[in-house]
Amino acid sequence: EDGTFAIDHSIFKTVDRVRIGGHFYSDKPLLPICWLGGIYAILHHVYSLDFIQTRALTLRLLTFFGVGSFSILLAYLFCRKLEPLRLSPAWKWAASAGVVLATWIFSYGTTINNHTPAACILFALFCVLDGRAETISKWRAFYAGLLAGALFNWDFPTGGIFFAGVAV
């Protein structure tokens, strides 16, 4: 709304900040900030939602679309990964729901965070790399590189570890 990444006048108090040039900025990775900022821009400019007049609704929608959507995508990817096991659809969806609801993904997924999307990106990276190394095509290697880069830019510690693993 203010046309800046500075959080000097933010109504949200956080310790996740750094002071640069006399202004406070979030010390979170830029990719999730841009992702959530884009979603908020749509909510604000299209639906006239903001953090003052419609705070609760705005936070719920931002959390659902910005973080919860990754939980849904993770459950879908897990369900697809179970297809070779020839389980009934009910078992596949129950197991997929369990991946989200019975782990920290659900507890983190109820707040705005970068860990839930990182878990989804990490599982997508696993899906792309799963299989024999000699059967991985150039396109799959390309997608693996994109996902490893996205993971690194979404969650620095997790991304750094797995980026190094993919690079080897």
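Further up the page is the structure itself.
Residues numbered from 1 in each chain as written. Predicted model: local features only at pLDDT ≥ 70, side-chain atom pairs only at ≥ 80, totals over all residues. Heavy atoms only, no water.

Okay, the overall build of the protein next. Scanning the protein for helices and strands turns up 7 helices and 2 strands. Seen in sequence order, the protein has helices and strands lined up from the N terminus as β-β-α-α-α-α-α-α-α. In terms of its C-alpha atoms, the protein occupies a principal-axis envelope of roughly 50 × 40 × 25 Å. Buried positions account for 27% of the 168 residues belonging to the protein. In the protein, the share of contacts with a sequence separation of at least 24, taken over all contacts with a separation of at least 6, comes to 51%. Of the roughly 11,000 Å² of accessible surface on the protein, 68% is carried by carbon and sulfur atoms. Charge separation in the protein, taken as the distance between the mean sites of 13 positive and 10 negative side-chain charges, equals 9 Å. (Helix = DSSP H or I, 4+ residues; strand = E, 2+ residues; numbered from the N terminus. Buried < 20%, exposed > 50% of the residue type's maximum accessible area, 1.4 Å probe, protein only. Contact = heavy atoms within 4.5 Å. Areas by Shrake-Rupley, 256 points an atom, 1.4 Å probe, with all protein chains shown as cover. Lys, Arg positive; Asp, Glu negative; His and termini not counted. Charge placed at Lys NZ, Arg CZ, Asp CG, Glu CD.)

Moving on: the pattern of salt bridges. Applying the stated criterion across every chain yields a total of 2 salt bridges. The salt bridge involving Lys 81 is made with Asp 130; its shortest N-O contact spans 2.6 Å. Here Lys 81, found in helix H2 (residues 55-81), pairs with Asp 130, found in the loop between helix H5 (115-129) and helix H6 (138-154); they are 49 residues apart in sequence, far enough to count as distant. On the basis of relative accessible area, Lys 81 is assigned to the partly exposed category, the value being 30%. Here Asp 130 falls in the partly exposed class, since its relative accessible area comes to 36%. (Salt bridge = Lys/Arg side-chain N within 4 Å of Asp/Glu carboxyl O.)

A separate point is the packing of aromatic side chains. Any pair of aromatic rings gets described here by the distance separating the centres and the angle formed by the planes. Per the stated rule, a full pass over the model turns up 10 aromatic pairs. Each member of the aromatic cluster is reached from another via a ring pair, and the members are Trp 35, Phe 70 and Trp 154. The ring of Phe 24 is capped by Arg 17, whose NZ or CZ atom sits 4.0 Å from the centre of that ring. For the cation-ring pair, Arg 19 lies above Phe 24, with the distance from its terminal atom to the ring centre recorded as 4.9 Å. (Phe/Tyr/Trp six-rings, centres within 6.5 Å; stacked < 30°, edge-to-face > 60°. Lys NZ or Arg CZ within 6 Å of the ring centre and 35° of its normal.)

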